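Each chain, written out:
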Amino acid sequence: MEQIKATTILCVKKNDEVSISGDGQVSFGDSILKSSAKKVRKVYKNQILAGFAGATADAITLFDKFESKLEEFKGNLRRSSVELAKEWRTDRVLRRLEAMMIVADRNEIFLISGSGDVIEPDIPICAVGSGGFFAFSAAKALFKFSDLKASEITKESLKIASEVCIYTNDSISTEVLSSEDNA
């Protein structure tokens, strides 16, 4: 049976800003069901960014679980990410969920998967989904060779990915945390 899929998410931290962007396409096999889905959001008192790629209903379940972990551990991103990954891997129902998440605060970025992975990237760029490698490559170049802010890098990189990945579109949602948020 075909699954509904939701794809490309990119997170970049540069200087005093962290940004996460996602395209809006939801695909079912080789058909587009929706072009304006919002797959990124701010959570835990608007202090943490989260985005998902994968089966939509599974990702929504994971968002809810992640938010409960953040509440339980008082916004500790690292601990909440590890505890979510442990529960996701060991719970009989959760381990069947097909999605990946990127979560970030002003200091850390993590990729979380159902196989128990909590990966902190070596560089402050992380991407998942079918267009993830296209977006990651574009972001890496823009990060290194431009003066663009993190939010500009995530948006431009997703636009580039949408031009080469058929499961990524240019209806982009972006969430940002910056030092200005505290002002």
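Conventions used here
Residues numbered from 1 in each chain as written. Predicted model: local features only at pLDDT ≥ 70, side-chain atom pairs only at ≥ 80, totals over all residues. Heavy atoms only, no water. Helix = DSSP H or I, 4+ residues; strand = E, 2+ residues; numbered from the N terminus. Buried < 20%, exposed > 50% of the residue type's maximum accessible area, 1.4 Å probe, protein only. Polar contact = N/O pair within 3.5 Å; in protein donor to acceptor, adjacent residues only side chain to side chain. Phe/Tyr/Trp six-rings, centres within 6.5 Å; stacked < 30°, edge-to-face > 60°. Lys NZ or Arg CZ within 6 Å of the ring centre and 35° of its normal.

Novice: Any details on the side chain of glutamate 175? Residues and values, ideally.
Specialist: Mapping glutamate 175 onto the fold places it in strand 12 (residues 173-178). When its relative accessible area of 17% is taken as the criterion, glutamate 175 is described as buried. One polar contact links glutamate 175 to lysine 38, side chain to side chain, over a distance of 2.9 Å.

Novice: With reference to specific residues and values, describe the packing of aromatic side chains.
Specialist: Here the structure, examined in full by the defined rule, presents 1 aromatic pair. Ring geometry for phenylalanine 52 against phenylalanine 63: centres 5.4 Å apart, planes inclined by 85 degrees, an arrangement best described as edge-to-face. One end of the pair, phenylalanine 52, is in strand 7 (residues 48-55); the other, phenylalanine 63, is in helix 1 (residues 56-72), and 11 residues separate them in sequence. Both residues of the pair, phenylalanine 52 and phenylalanine 63, count as buried. Geometry around phenylalanine 143 places lysine 14 over its ring, the cationic atom sitting 5.5 Å from the centre.

Novice: Residues and numbers for unusual backbone geometry, please.
Specialist: Positive phi is not limited to glycine here, since asparagine 15 has a value of about 55 degrees. One can find asparagine 15 in the loop between strand 2 (9-14) and strand 3 (17-22). Look at asparagine 15 and you get exposed, because its relative accessible area is 67%. With a phi close to 60 degrees, asparagine 46 is a non-glycine residue in the positive phi region. Along the polypeptide, asparagine 46 turns up in the loop between strand 6 (40-43) and strand 7.

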